[in-house]
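Single-letter residue listing:
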Amino acid sequence: VQVPSYRFDIAIEEDLIEEVARVYGYNAIKAAAPAAQLRMTERKEASVSRHTLTNALVERGYQEAITYSFVDPKVQEKLFPAQTGLTLPHPISADMSVMRVSLWSGLLPAVVHNQNRQQSRVRLFECGLRFVPDESAENKVRQQNMIAGVIGGNRSDEHWGEEKAATDFYDIKGDVEALLSLTADATSYEFSKAEIAALHPGQTAKITRNGVLVGYVGALHPELERKIGLNGRTLI
């Protein structure tokens with residue numbers, strides 16, 4: 001098709017199609033709605049989506065953090081002295097030379113980073129993979145999706161109508177219970193006293209589901225708080 005010079009409004013194929021339709025008559029064209037094959041995606045009631053979990057934490061005042069999978073070996077060794085991490089042959093830097101065996105290894109330095117910038121009240125969470133060396137796993141490393149949270153500072157932002165109070169074990173335990181309640185199977189989870197190197201011996205609980213260990217909750221060990229550089233009580 002060669003467009004007359006005076007028809008400057010016809011420049012592309014769609015303009016020509018519109019012109020043909022106009023001449024033919026819009027009223028002569030049968031109206032037909034676009035058709036598409038739609039199918040509802042599967043959603044199993046037995047599983048809770050990551051989006052549901054993260055929304056619940058945001059509603060409770062947390063902010064999502066995204067930290068590197070490479071962490072400082074000194075920090076990780078302090079947290080998990082019995083667990084050996086996967087060492088990178090060519091790390092970005094010396095303080096990012098091992099793969100994290102827990103999300104705690106990245107979250108706690110993030111708290112220090114915020115506290116060093118006058119953020120006294122910190123509430124962070126992260127969803128991501130941990131990397132555990134395992135000879136029986138593919139590529140000799142076991143990758144697992146985890147969720148972790150950390151809080152420090154006062155229970156709430158400063159307000160004239162509320163008393164100033166520091167966070168304690170029951171605050172973060174309540175946050176964990178709020179997540180477990182989303183499963184509609186909260187009765188299968190149990191909290192019981194536990195002791196691990198990273199947490200305070202008198203403020204630590206392990207979380208089990210039908211007898212299987214699924215997580216820990218508690219206050220960071222005071223000695224570790226000092227070594228990592230945290231300001232005040234930190235619960236994770």
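Quantities reported herein were computed from a predicted structural model and do not represent experimental measurements.

Engineer: Quick question: what am I supposed to make of the overall build of the protein chain here?
Structural biologist: The helix and strand tally for the protein chain stands at six helices and nine strands. The burial tally for the protein chain puts 34% of its 236 residues in the buried class. Taking the intrachain contacts of the protein chain between residues at least 6 apart in sequence as the baseline, contacts between residues at least 24 apart amount to 52%. For the protein chain, the exposed surface amounts to about 16,200 Å²; the carbon and sulfur share of it is 51%. Separation of charge centres in the protein chain, based on 26 positive and 30 negative side chains, amounts to 5 Å.

Engineer: I keep staring at the packing of aromatic side chains and nothing clicks. Help me out?
Structural biologist: Here the distance between the centres and the angle between the planes together describe a pair of aromatic rings. Counted according to the given criterion, the structure contains two aromatic pairs. Seen in terms of ring centroids, Phe169 and Tyr170 are 5.4 Å apart; in terms of plane orientation they differ by 85 degrees. Their pairing is edge-to-face. Among the residues examined, Phe169 registers a relative accessible area of 13% and is labelled buried. Residue class for Tyr170 comes out exposed when judged on its relative accessible area of 63%.

Engineer: Looking at this structure, I do not really get the side chain of Gln115. What am I missing?
Structural biologist: Inspection of the secondary structure puts Gln115 in helix α4 (residues 104-115). Every residue in contact with Gln115, bar those within four places of it in the chain, is listed here: Val122, Gly229, Leu230 and Asn231.

Engineer: So what exactly am I meant to see when it comes to the nonpolar core here?
Structural biologist: One broad trend across soluble globular proteins is that nonpolar side chains are buried collectively. Counting residues in each nonpolar core, the largest one holds 23 residues, and the members touching the most others are Leu79, Trp104, Leu108, Leu124, Leu220 and Ile228. Of all the secondary structure elements, the ones that give two or more residues to this core are α3 (73-79), α4, β4 (122-133), β5 (141-152) and α6 (222-228). If one sorts the elements of this core by residue count, α4 sits on top with six residues. Formed by 17 residues, the second largest nonpolar core is a distinct cluster that contains Tyr62, Ile151, Leu179 and Ala205.

Engineer: Could you clarify how one ought to interpret the pattern of salt bridges in this entry?
Structural biologist: Pairs can form between side chains of opposite charge once their charged atoms are near each other. Counted according to the given criterion, the structure contains 15 salt bridges. With a shortest N-O distance of 3.2 Å, Asp175 and Arg123 are connected by a salt bridge. Of this pair, Asp175 sits in helix α5 (residues 169-181) while Arg123 sits in strand β4; the two residues are 52 residues apart in sequence, bridging distant segments of the chain. Across the pair, exposure class does not vary: Asp175 and Arg123 are buried alike. For the salt bridge of Arg142 with Asp134, the shortest nitrogen-to-oxygen distance reads 2.9 Å.

Engineer: Even after reading the chapter, I still don't get the environment of Pro222, so can you show me in this structure?
Structural biologist: Following the sequence through the fold, Pro222 ends up in helix α6. On the basis of relative accessible area, Pro222 is assigned to the partly exposed category, the value being 41%. Along the backbone, Pro222 and Ser102 are 120 residues apart, and their C-alpha atoms lie at a distance of 19 Å.

Engineer: Sorry, what's going on with α5 here?
Structural biologist: Since one α-helical turn is 3.6 residues long, residues separated by three or four positions face the same way. An ideal rise of 1.5 Å per residue puts 18 Å on 13 residues; α5 measures up with 18 Å between its terminal C-alpha atoms. Burial in α5 covers these residues: Phe169, Ile172, Lys173, Asp175, Val176, Ala178, Leu179 and Leu180. Between the side-chain oxygen at the start of α5 and the backbone nitrogen of Tyr170 there is a gap of 3.1 Å, and the oxygen is on Asp168.

Engineer: How should I be thinking about helix α2 (residues 50-59) in this particular structure?
Structural biologist: Buried within α2 we find Thr54, Ala56 and Leu57. Down the axis of α2, the buried set is contained in an arc of 155 degrees. They therefore lie on one face. For α2, exposure combined with an orientation more than 90 degrees from the buried face picks out His51 and Glu59. Where α2 is buried, its residues meet β4, β5 and α5. Count one or two residues on from α2 and you reach Gly61, which has phi positive near 95 degrees.

About the thresholds
- Residues numbered from 1 in each chain as written.
- Predicted model: local features only at pLDDT ≥ 70, side-chain atom pairs only at ≥ 80, totals over all residues.
- Heavy atoms only, no water.
- Helix = DSSP H or I, 4+ residues; strand = E, 2+ residues; numbered from the N terminus.
- Buried < 20%, exposed > 50% of the residue type's maximum accessible area, 1.4 Å probe, protein only.
- Contact = heavy atoms within 4.5 Å.
- Areas by Shrake-Rupley, 256 points an atom, 1.4 Å probe, with all protein chains shown as cover.
- Lys, Arg positive; Asp, Glu negative; His and termini not counted.
- Charge placed at Lys NZ, Arg CZ, Asp CG, Glu CD.
- Phe/Tyr/Trp six-rings, centres within 6.5 Å; stacked < 30°, edge-to-face > 60°.
- Core = buried A, V, L, I, M, F, W, Y, C linked by side-chain atoms within 4.5 Å.
- Salt bridge = Lys/Arg side-chain N within 4 Å of Asp/Glu carboxyl O.
- Expected span 1.5 Å × (residues − 1).
- Polar contact = N/O pair within 3.5 Å; in protein donor to acceptor, adjacent residues only side chain to side chain.
- Arc of directions from axis to C-beta.

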